[in-house]
Amino acid sequence: MAFTDLWAQLEPIGRDAGTGGYRRYSWTAADLECREWFTATAADLGLQPECDRNGNLWAWWAPPGAAGPAVATGSHLDSVPDGGAFDGPLGIVSAFAAIDLLREQGFSPARPVVVAAFTEEEGARFGVACLGSRLAAGVITPAAARDLRDSGGVSLAGAMTAAGLDPAALGPDADRLAGLACYVELHIEQGSALDGLGAPVGVGESIWPHGRWRLELTGRADHAGTTQIADRRDPMLPYAAAVLAARRSAVARGALATFGKVVAEPGGTNAICSAVRAWLDARAPDEDTLAAVTGEVGAAAQAAADEQGVGCDLRRESFSPVVSFDAGLRDRLAATLDRAGAPVRGQAPVPVLPTGAGHDAGVLAARLPTAMLFVRNPTGVSHSPAEHAEPADCAAGVTGLAAVLRDLAGP
Ligand code: GLV
Ligand code: MN
Ligand code: MN
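Residues numbered from 1 in each chain as written. Chains lettered and ligands numbered in written order. Predicted model: local features only at pLDDT ≥ 70, side-chain atom pairs only at ≥ 80, totals over all residues. Heavy atoms only, no water.

**Quick look at the packing of aromatic side chains**
The final tally for this structure, using the stated rule, is 9 aromatic pairs. Ring geometry for Phe38 and Phe96: centres 5.2 Å apart, planes at 55 degrees, overall tilted. One end of the pair, Phe38, is in helix H2 (residues 29–44); the other, Phe96, is in helix H3 (residues 89–104), with 58 residues separating them in the sequence. Residue Phe38 shares its accessibility class with Phe96, and that shared class is buried. Ring-pair connections join several aromatic residues into one group, and the members of that group are Trp58, Trp60, Phe118 and Tyr183. One cation-aromatic arrangement involves Arg35 over Trp27; the distance from NZ or CZ to the ring centre is 3.8 Å. Residue placement shows Lys261 over the ring face of Trp279; its charged tip is 4.4 Å from the ring centre. (Phe/Tyr/Trp six-rings, centres within 6.5 Å; stacked < 30°, edge-to-face > 60°. Helix = DSSP H or I, 4+ residues; strand = E, 2+ residues; numbered from the N terminus. Buried < 20%, exposed > 50% of the residue type's maximum accessible area, 1.4 Å probe, protein only. Lys NZ or Arg CZ within 6 Å of the ring centre and 35° of its normal.)

This is how it looks when you write it as structure tokens:
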């Protein structure tokens, strides 16, 4: 089935009519509908669908004669709040379309090819990014994962049980990962480097170390119209100090630091908050710089909290170390795309790019050779309804991925 047909099927699922953004949070109705689409599409294409112990989906292309470790490709179906259409789904739709194209070309793989859809890549519901691949790789314990809670207090275990899965089965999937020769994730570029270089497709080089920290500021609820300034214990002030420190420190150190989520409790306009809870996302070119940035944010929050008589706790919730993708695989992809010619790589050799964005390919890089293909994003905007890739560039991605799979899974 052509890319555009598959894309049109998936596109309406989980899109908010008001914002045009996607709300595909793991194990919600929208996510379950995406999963049904994945399974039905796999069946339509004659692939063997499977759901693993961690809720990750797989679709196997293993015709007679295909043997040995599999070549895996794919991405994720979940989204950030009001995310774009491409972050995640582009990799999965392109994988199905690439397999269809290879079949049309009469290619039969010498080793199995498998399309993967990893669960909760964005961490939008349960807070830990790349949760499905982290569980498979054994970098989060099943007990810790089961107990993660969404903003309504529902645990991952509860959400999976409600969806008909057994959370007791969660855990490392070493045999499955050992059965994979490599994982190649195609993804929309979350920046505009390819656009600047005039290239439809690029290859990933590395991922900055990054993580998420939870800032908990505990003050005292009181009346906004009667409580004198000197008598207040207002957690909003250390929160403001932390936001400003994050920007200052990131600029000074060539890093990125973002407070993108904040909850003020109880949240009355005419009341001083009893607590402010906020989440810091920080990324840097190296781990020492990252530690320095989060240290400075923590110190600024603590100093302001002390001044205001507010309790302050900054706690790391997840962390992804620096990733350098497998050099041999990266170079092999680049050479394949170069051979595929200008429609795939543009006029110059295929660009090889670092990224600040996290991916399941980054988590899995600790267990098997992984690589990434990026598809041009003309504005660079991502994690927003405005995220976009041109149809011609999506087609170049499919052609490029098909060439890569043909090379990796060929005789
Ligand atoms: C995932 O998109 C991330 O970089 O947080
Ligand atoms: Mn994302
Ligand atoms: Mn993504």
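Text resumes after the structure shown.
**What about the coordination of the manganese ion (ligand 3)?**
For the manganese ion (ligand 3), the full set of protein donor atoms is His76 (NE2), Asp87 (OD) and His187 (NE2), and the range of their distances to it is 2.0 to 2.2 Å. When the donor residues of the manganese ion (ligand 3) are listed from N- to C-terminus, their spacing reads H-x10-D-x99-H. A gap of 3.6 Å separates the manganese ion (ligand 3) and the manganese ion (ligand 2), which Asp87 links by coordinating each metal. Remark: His187 occurs in strand E5 (residues 180–188) and His76 occurs in strand E3 (residues 70–76); sequence separation between them is 111 residues. Per residue, the accessibility class of His76 equals that of His187, and both read buried. (Donors = N, O, S within 2.8 Å, 3.2 Å for Na, K, Ca; no water.)

**Notes on the side chain of Thr227**
In this fold, Thr227 is placed in the loop between strand E8 (222–223) and helix H9 (236–253). Take Thr227: its relative accessible area is 8%, and that puts it in the buried class. At 3.1 Å, the side chain of Thr227 and the side chain of Asp222 are in polar contact. Excluding residues within four positions of it along the chain, Thr227 makes contact with Asp222, Arg232 and Ile272. (Polar contact = N/O pair within 3.5 Å; in protein donor to acceptor, adjacent residues only side chain to side chain. Contact = heavy atoms within 4.5 Å.)

**So, the site of ligand 1**
Around ligand 1 sit Glu122, Arg283, Ala357, Gly358 and His383, and those are all the residues in its vicinity. Gly358 places a polar main-chain atom, nitrogen or oxygen, 2.7 Å from an oxygen atom of ligand 1. Alone, ligand 1 offers 190 Å² of accessible surface; in the complex the protein occludes 94% of this. Per-class residue counts for the shell around ligand 1 are 1 nonpolar, 2 polar and 2 charged. (Near = heavy atom within 4 Å. Areas by Shrake-Rupley, 256 points an atom, 1.4 Å probe, with all protein chains shown as cover. Nonpolar A, V, L, I, M, F, W, Y, C, P; charged D, E, K, R; others polar.)

**Some thoughts on the packing of helix H11 (residues 327–340) against helix H14 (residues 391–409)**
The contact between H11 and H14 brings their axes to 9 Å, and the two run at 120 degrees. By the criterion of interaxial angle, the relationship of H11 to H14 is oblique. When the axes of H11 and H14 are compared, the crossing they make is right-handed. Residues Leu329, Arg332, Leu333, Thr336, Leu337 and Arg339 of H11 pack against Gly400, Ala403, Val404, Asp407 and Leu408 of H14. Per-class residue counts for the contact of H11 with H14 are 6 nonpolar, 2 polar and 3 charged. (Axes fitted to C-alpha atoms, helices over the stretch in contact; angles between N-to-C directions. Parallel < 35°, antiparallel > 145°, perpendicular 65-115°, else oblique. Left-handed = near helix turned anticlockwise from the far one by under 90°.)

**Digging into the nonpolar core**
Counting residues in hydrophobic clusters, the biggest one holds 57 residues, and the most contacted among them are Trp37, Phe38, Leu90, Phe96, Leu333 and Leu373. Leu333 has contacts with Val184, Val203, Ala371, Met372, Leu373, Val404 and Leu408, leaving out every residue within four places of it along the chain. With 24 residues, the next largest nonpolar core counts Trp58, Ala136, Ala137 and Ile207 among its residues. (Core = buried A, V, L, I, M, F, W, Y, C linked by side-chain atoms within 4.5 Å.)

**Some remarks on H14**
Here H14 contains 19 residues, and its C-alpha end-to-end distance of 26 Å stays within 8% of the 27 Å for a straight helix at 1.5 Å per residue. Within the sequence span of H14, burial applies to Asp393, Cys394, Ala396, Gly397, Val398, Gly400, Leu401, Ala402, Val404, Leu405, Leu408 and Ala409. (Expected span 1.5 Å × (residues − 1).)

**Focus on the coordination of the manganese ion (ligand 2)**
Within the first shell, the manganese ion (ligand 2) binds the protein through Asp87 (OD), Glu122 (OE), Glu122 (OE) and His383 (NE2), at distances of 2.0 to 2.7 Å. Counting gaps between the donor residues of the manganese ion (ligand 2) yields the pattern D-x34-E-x260-H. For Glu122, a relative accessible area of 7% gives the class buried. Exposure remark for His383: the relative accessible area of 39% places this residue in the partly exposed category.

**A closer look at the environment of Arg233**
Looking at where Arg233 falls in the secondary structure, it is placed in the loop between E8 and H9. Judged by its relative accessible area of 33%, Arg233 falls in the partly exposed class. On a C-alpha basis, the gap between Arg233 and Gly311 in space is 9.3 Å, while along the polypeptide they are 78 residues apart. Setting aside its immediate chain neighbours within four residues, Arg233 contacts Gly219, Arg220, Ile272, Cys273, Gln308, Gly309 and Val310.

**With respect to unusual backbone geometry**
Along the chain, Glu265 connects to Pro266 via a cis peptide bond; the corresponding omega equals -5 degrees. Mapped onto the elements, Pro266 comes out in the loop between strand E9 (256–265) and strand E10 (271–272). A positive phi angle, near 55 degrees, is found at His383, a position not held by glycine. With respect to the helices, strands and loops of the structure, His383 is situated in the loop between strand E15 (370–375) and H14.

None of this, on its own, says anything about what the molecule does.
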